[in-house]
Amino acid sequence: MKQRPFLISIAGGSASGKTTLAEALVAELGDRAELLSLDSFFRKEDPTAPQVWFEFEKGEMFNFNHPES
């Protein structure tokens, strides 16, 4: 019997261990799993993306929480 594909979504706050958990699941499931990270879709290097930098103690920092990031 062929297994049906499924999706596991992991949510949580910044630095809560989402990536660590996802990588552990992929390691455990082997070639039956693939990791799709939303971090790969940030537009930080895209010259057409809106500038979403904000002032920080030591200069400017990219705002990863901005909707247009």
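To keep things clear, this report deals only with the structure shown in the data block. Nothing here was measured: the structure is a model prediction, and the numbers come from that model. (Residues numbered from 1 in each chain as written. Predicted model: local features only at pLDDT ≥ 70, side-chain atom pairs only at ≥ 80, totals over all residues. Heavy atoms only, no water.)

It is worth spelling out the overall build of the protein chain at this point. Within the protein chain one finds one helix and two strands. The order of α-helices and β-strands along the protein chain, N terminus first, is α-β-β. When the 69 residues of the protein chain are sorted by exposure, 9% land in the buried category. Across the protein chain, contacts joining residues at least 24 apart in sequence account for 10% of those joining residues at least 6 apart. For the protein chain, the accessible surface area stands at approximately 6,600 Å², while carbon and sulfur atoms represent 55% of it. (Helix = DSSP H or I, 4+ residues; strand = E, 2+ residues; numbered from the N terminus. Buried < 20%, exposed > 50% of the residue type's maximum accessible area, 1.4 Å probe, protein only. Contact = heavy atoms within 4.5 Å. Areas by Shrake-Rupley, 256 points an atom, 1.4 Å probe, with all protein chains shown as cover.)

In this section: helix α1 (residues 18–29). With twelve residues, α1 extends 16 Å between its outermost C-alpha atoms, agreeing within 8% with the 16 Å of an ideal straight helix rising 1.5 Å per residue. G30, located one to two residues past α1, shows a positive phi value of around 65°. (Expected span 1.5 Å × (residues − 1).)

What follows is about the environment of L36. Relative to the elements of secondary structure, L36 occurs in the loop between α1 and β1 (53–56). Overall, L36 belongs to the exposed group, its relative accessible area being 66%.

As a further point, take the environment of K18. In this structure, K18 sits in helix α1. A relative accessible area of 26% places K18 in the partly exposed class. Taking C-alpha positions, K18 is 9.9 Å from S37, a pair spaced 19 residues apart along the chain. Setting aside chain neighbours within four positions, we find K18 in contact with I10, A11, G12 and G13. A polar contact of 2.8 Å, which involves the side chain of K18, links it to the backbone oxygen of G13. (Polar contact = N/O pair within 3.5 Å; in protein donor to acceptor, adjacent residues only side chain to side chain.)

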